[in-house]
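Structural features, examined
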Amino acid sequence: MANLRDLGLSEYEARAYRALLNTGPTTAKDLSRVSDVPMGRIYDVLNSLETHNLVRSQSASRPKKYVAVEPSTALDRLLDDKLDELNAKANQYEEIVDELSTELDAVEPPIEEGFWTAAVGADDSLELLIERLDAAERRIDMVAGRVSPTFDIGNIGDTVTEHLERALDRGVDVSVLMSPELVSTLPESVGQRYASTLSDHPQFSVRTTPEIDGTFNLIDDIEVCIEVANPLSPGEAFAMIDLKDPEFAANVNSQFSSRWETAEPLHF
């Protein structure tokens, strides 16, 4: 159940405010009695509520009387305070991330020879692919020889496109090599999306060739992400295998380059 403490009030502050709503204008002594807030704490509690602009006082009266601000106003003020607190925290975390990014990016990790990992299922496969696209520093070569969710019109295709745009913004070269058969199966909206978001970028290019099969991504010439199609639903990813091996990647890059050179530019 929601509680005023969830918005930052202490137990005593919540009790005092609720009691003031019922009593109307009253003295600290009477409020202590009806709210079960100890007399030794009641003035500190009321001062805190005044600081939060949840209580108003009539200082001209003797003894001094207090009245609660209307609940709608009080809750808005508590919410504003919480949002300000969250924004301040968010800014603090962003500064920490910026500082750590500078520090950690300066570390040059060794290249893992023969290291591979895999993700099974559409969601985990997409997560692994996006992670590796975001890690690209120089270039991304995408090869699609068959129907793939990467080039679908749904959420997966949109997500991949968004992260390719981010890669381009980082200065990464993106090349896409597709089979003519795949191009012919793509809905018109896919071509429109790629044309409107990517095709005019000087570091983005698409070509077609019949000499490819399967779907994979070559990243920075040292890493290969291979998409495994669902055998029962070819347009759905079953798994994603990520292999970081410079020797294997160099062999894949050599084959990609030879096909890229003879491929035809695709005009959307």
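Here, every reference points to the structure presented above.
Residues numbered from 1 in each chain as written. Predicted model: local features only at pLDDT ≥ 70, side-chain atom pairs only at ≥ 80, totals over all residues. Heavy atoms only, no water.

Some remarks on the overall build of the protein
In terms of regular secondary structure, the protein is built from nine helices and 11 strands. The buried share of the protein, reckoned over its 268 residues, is 36%. Summing over all exposed atoms, the protein offers an accessible surface of approximately 15,500 Å²; the carbon and sulfur share of this is 51%. (Helix = DSSP H or I, 4+ residues; strand = E, 2+ residues; numbered from the N terminus. Buried < 20%, exposed > 50% of the residue type's maximum accessible area, 1.4 Å probe, protein only. Areas by Shrake-Rupley, 256 points an atom, 1.4 Å probe, with all protein chains shown as cover.)

Examining the sheet that holds strand β1 (residues 26-27)
Strand order in the open sheet formed by three strands is β1-β3-β2, and the pairing between neighbours is antiparallel. Strands at the two margins of the open sheet, each flanked by one partner only, are β1 and β2 (55-58). As paired strands, β2 and strand β3 (residues 65-68) are joined by four bridges and run antiparallel to one another. Each residue of the ladder has a partner; that of Gln-58, found in β3, is Lys-65. Each of β1, β2 and β3 touches helix α1 (residues 11-23); the most contacted strand, β3, lies at about 95° to it. Strands β2 and β3 of the sheet are contacted by helix α3 (residues 39-51), whose axis makes an angle of about 115° with β2. (Pairing = 2+ DSSP bridges. Contact = heavy atoms within 4.5 Å. Axes fitted to C-alpha atoms, helices over the stretch in contact; angles between N-to-C directions.)

A short note on the nonpolar core
In terms of nonpolar packing, the biggest core is built from 25 residues, with Leu-133, Ile-140, Val-160, Leu-164, Val-174, Val-176 and Phe-204 touching the most fellow members. Looking at this core, the elements that each hand over two or more residues are α5 (122-135), β5 (139-144), α6 (155-169), β6 (173-178) and β7 (204-208). Here this core takes five residues from α5, the largest share from any one element. Among all residues touching Leu-164, those that are not within four sequence positions of it are Leu-133, Ile-140, Met-142, Val-174 and Leu-198. (Core = buried A, V, L, I, M, F, W, Y, C linked by side-chain atoms within 4.5 Å.)

Observations concerning the pattern of salt bridges
Summed over all chains, the structure comprises eight salt bridges. The shortest N-O distance in the salt bridge between Glu-223 and Arg-132 comes to 2.5 Å. Here Glu-223, found in strand β9 (residues 223-230), pairs with Arg-132, found in helix α5; they are 91 residues apart in sequence, far enough to count as distant. Each member of the pair, Glu-223 together with Arg-132, is buried. When the shortest N-O distance is used, the salt bridge between Glu-162 and Arg-166 registers 2.6 Å. (Salt bridge = Lys/Arg side-chain N within 4 Å of Asp/Glu carboxyl O.)

Concerning the pairing of β7
Side-chain alternation along β7 places Phe-204, Val-206 and Thr-208 on a buried face and Ser-205 and Arg-207 on a face that remains uncovered. Relative to β7, β6 is paired through five bridges, and the arrangement is parallel. Opposite Val-176, over in β7, you have Val-206 as the bridge partner. Pairing between β7 and strand β11 (residues 264-265): two bridges, direction antiparallel. Paired with Thr-208 across the strands is Glu-264, a residue of β11.

Things to note about the packing of α1 against α3
Between α1 and α3, the least distance of the axes is 10 Å, while the angle of their chain directions is 80°. Taken together, the axes of α1 and α3 are roughly perpendicular relative to one another. Every residue of α3 that contacts α1 at Tyr-12, Glu-13, Ala-16, Tyr-17 and Leu-20 is listed here: Arg-41, Val-45, Leu-46, Ser-48 and Leu-49. For the contact of α1 with α3, the class distribution of residues is seven nonpolar, one polar and two charged. (Parallel < 35°, antiparallel > 145°, perpendicular 65-115°, else oblique. Nonpolar A, V, L, I, M, F, W, Y, C, P; charged D, E, K, R; others polar.)

Quick look at the environment of Thr-161
With respect to the helices and strands, Thr-161 occurs in helix α6. Residue Thr-161 is classed as buried on the basis of its relative accessible area of 4%. Separated by 36 residues in sequence, Thr-161 and Thr-197 have C-alpha atoms that sit 8.2 Å apart.

Let's talk about a nonpolar patch on the surface
On the surface, Tyr-93, Ile-96, Leu-100 and Leu-104 cluster together into a nonpolar patch covering about 390 Å² of accessible area. By the element assignment, Tyr-93 lies in helix α4 (residues 71-105). (Patch = residues over 30% accessible without salt bridge, like charges linked within 9 Å, V, L, I, M, F, W, Y side chains within 5 Å.)

Some details on helix α9 (residues 246-262)
For α9, spanning 17 residues, the distance from its first C-alpha to its last is 24 Å, which sits close to the expected 24 Å at 1.5 Å a residue. Every buried residue belonging to α9 is among Ala-249, Val-252, Phe-256 and Trp-260, and all of these are buried. Angular distribution of buried residues about the axis of α9 spans 75°; they occupy a single face of the element. Exposed residues lying more than 90 degrees from the buried face of α9 are Glu-247, Glu-261 and Thr-262. (Expected span 1.5 Å × (residues − 1). Arc of directions from axis to C-beta.)

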